[in-house]
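# Architecture at a glance
Here is how the chains run, residue by residue.
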Amino acid sequence: MVLIMADELVKIDHMTKKYDENTIIEDLSLTIHEGEVVVIVGPSGCGKSTLLRCINGLEPIQGGSITFRGESIDGKSKHINEIRQRIGMVFQSYELFPHKTILQNITLAPIMVQKRKKGEVEKEAEELLSRVGLLEKKDSFPRQLSGGQKQRVAIVRALCMHPEVLLFDEVTAALDPEMVREVLEVLLSLAEQGRTMVIVTHEMSFAKAVADRVVFLDHGEIVEEGRPVDFFEHPKTERAQKFLNTFTYDKVEKAK
Amino acid sequence: METSDIFRMLWAGTGETLLMVFASTALGYVIGLPVGVLLTISDTDGICPHPLLYKILDIIINITRSIPFLILLILIQPFTKFVVGKSYGTVATIVPLTIAAVPFIARMVEGSLKEVDHGVVEAALSMGAGKMTIVIKVLIAEARTSLLVGVTIALGTILGYSAMAGIVGGGGLGDIAIRYGYYRYETGIMLITVLVLVILMQVLQWLGTLLSKKLDRRRG
């Protein structure tokens, strides 16, 4: 029996994830509290994205448990679709529906899944679009948008479902550098609104700015976690130090 | 034969051919589309994997597809007679044509639906969409260009099959080509009939391509 505290939104308890014989995540425990912004960092292949996908039930787990407000997250359970509506997810490659307009992309799930009224959903979608500066694109198709614009639409699509927690899976990894900022600024404003977010990213200065708590993952286990100032200024473990060093370069000393 | 008689005969034959082709393709989709959907979602990477169901459908489709159409036509004659009351003529030919079309259409639908990026299916799943919503609003809606190309290919293939049915008195243009061109050595009529078939195929293909381009939102 797992004890659930009132403000615990997502509780991962001794979870293990395997692909066939490969263990991706082993015995990982992590709790996301309401209103908290947790940033997960770590080298490629450390299991960050897999962890996010497990939180949404997109990947089955082989051990332990993941609960959302005390309800078990299991891709095969009958309630999974109700739980998923309350967990928003934004993907690295946007995953917008190519044959639907921007507005249709955003309103599809609220209308079809949540059975909300079309007029009300469209009004909200338009409000959200104007907040990210994309209202004039509402009748365009995804191919007519830049990567940064598509990702902002994907964020609006997730928001329109009124999720209680948002999962961001390397949302700027596929973007050109100048478009990274426009997307991260949306995330920063969501953090200011007090939204609960779990963010997987490689943007270290952004992580430092947005996070309440940084979790450093390596080889499928949490190596270190703490406040961003502590983690980025004084990483305790050698592995974290080594990882953070990969983001800085020494000045070239030219041979005379 | 007078020229006007030949024209009248070809006109009627074209009508019969079009009736056979469109009716059996439509009926083929009524059964083939759901089967193609089942194949797509029951496969190992589908939204409700069911290896046994997939294997059974897979085997049935492979068996029916490997029977040559002419043999199928003769093999199921008793069934055709049972359904429409006789085993020859335009309406009767719709039965074997439909049976030949179903597995073919199911395979093409499967191919089209599997082209839909798994990422957008996951996006729909992550928003809590149910299986029906995903099938209709994501898989079929996003694959529509490819599905339409499939309809064009199906119509063309069935048009070819329908001409074969002429051998057993199936009606339509194929029937005319065989009766006059082959049995009576009237090469002229045979060539004109073939020409009409060529024109029909061209028109179908042109319409299909036009329509699928119009519905494609990924380019433009």
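An account of the accompanying structure is given in this report. (Residues numbered from 1 in each chain as written. Chains lettered and ligands numbered in written order. Predicted model: local features only at pLDDT ≥ 70, side-chain atom pairs only at ≥ 80, totals over all residues. Heavy atoms only, no water.)

Moving on: the packing of helix α9 (residues 172-183) of chain B against helix α10 (residues 187-214) of chain B. Residues and elements named next belong to chain B. Where α9 meets α10, the axes come as close as 8 Å, and the angle between the chain directions of the two elements is 160°. The angle between α9 and α10 places the two elements in the roughly antiparallel class. As for the relative orientation of α9 and α10, their crossing is left-handed in sense. Contact residues: Leu 173, Ile 176, Ala 177, Tyr 180, Gly 181 and Tyr 182 in α9; Ile 189, Met 190, Thr 193, Val 196, Leu 197 and Leu 200 in α10. (Axes fitted to C-alpha atoms, helices over the stretch in contact; angles between N-to-C directions. Helix = DSSP H or I, 4+ residues; strand = E, 2+ residues; numbered from the N terminus. Parallel < 35°, antiparallel > 145°, perpendicular 65-115°, else oblique. Left-handed = near helix turned anticlockwise from the far one by under 90°. Contact = heavy atoms within 4.5 Å.)

The next subject is the sheet that holds strand β1 (residues 8-19) of chain A. All names here are of chain A. Strand order across the open sheet formed by four strands is β2-β1-β4-β5, with antiparallel pairing between neighbours. The sheet is open, and its two borders are formed by β2 (22-33) and β5 (71-72), each paired with just one other strand. Sheet topology note: the β1/strand β4 (residues 63-68) ladder contains five bridges and is antiparallel. Bridge pairing links Ile 12 to Ile 66 in β4. Where helix α1 (residues 48-55) meets the sheet, it contacts β1, β2 and β4, and its direction lies at approximately 120° from that of β1. (Pairing = 2+ DSSP bridges.)

Residues Val10(A), Ile12(A), Leu51(A) and Ile134(B) are the most contacted members of the largest nonpolar core, which totals 86 residues. Here this core takes 10 residues from helix α5 (residues 90-114) of chain B, the largest share from any one element. Sequence-distant contacts of Val10(A), defined by excluding residues within four places in its chain, comprise Leu30(A), Thr31(A), Ile32(A), Ile55(A), Ile66(A), Thr67(A), Phe68(A) and Val165(A). Counting residues in hydrophobic clusters, the runner-up holds 49 residues, among them Leu128(A), Leu129(A), Val132(A) and Val223(A). (Core = buried A, V, L, I, M, F, W, Y, C linked by side-chain atoms within 4.5 Å. Buried < 20%, exposed > 50% of the residue type's maximum accessible area, 1.4 Å probe, protein only.)

All names here are of chain A. Packing of helix α3 (residues 102-112) against helix α4 (residues 118-131) brings their axes to within 9 Å, and their N-to-C directions diverge by 130°. Between α3 and α4, the angle falls in the class oblique. For the crossing formed where α3 meets α4, the hand is right-handed. Residue-level inspection shows Ile 102, Leu 103, Ile 106, Thr 107, Pro 110 and Ile 111 of α3 in contact with α4, the latter providing Lys 118, Val 121, Glu 122, Ala 125, Glu 126 and Leu 129. Residue classes in the contact of α3 with α4 are distributed as eight nonpolar, one polar and three charged. (Nonpolar A, V, L, I, M, F, W, Y, C, P; charged D, E, K, R; others polar.)

Looking now at the side chain of Thr50(A). Residues and elements named next belong to chain A. Its location among the elements puts Thr 50 in helix α1. On the accessibility criterion, Thr 50 (11% relative accessible area) is buried. Discounting chain neighbours no more than four positions away, the residues touching Thr 50 are Lys 17, Tyr 19, Ile 24 and Ile 25.

This next bit is on the interface of chain B and chain A. Counting residues at the interface gives 25 residues for chain B, matched by 23 residues for chain A. With both sides pooled, the region where chain B packs onto chain A buries about 2100 Å², and carbon together with sulfur makes up 60% of that total. Looking only at chain B, the three residues that lose the most surface to chain A are Met127(B), Glu142(B) and Arg217(B), adding up to 32% of its buried area. Between the two partners, chain B and chain A, sit two salt bridges. The salt bridge involving Glu122(B) is made with Arg53(A); its shortest N-O contact spans 2.5 Å. (Buried area = accessible area lost by both parts, 1.4 Å probe. Salt bridge = Lys/Arg side-chain N within 4 Å of Asp/Glu carboxyl O.)

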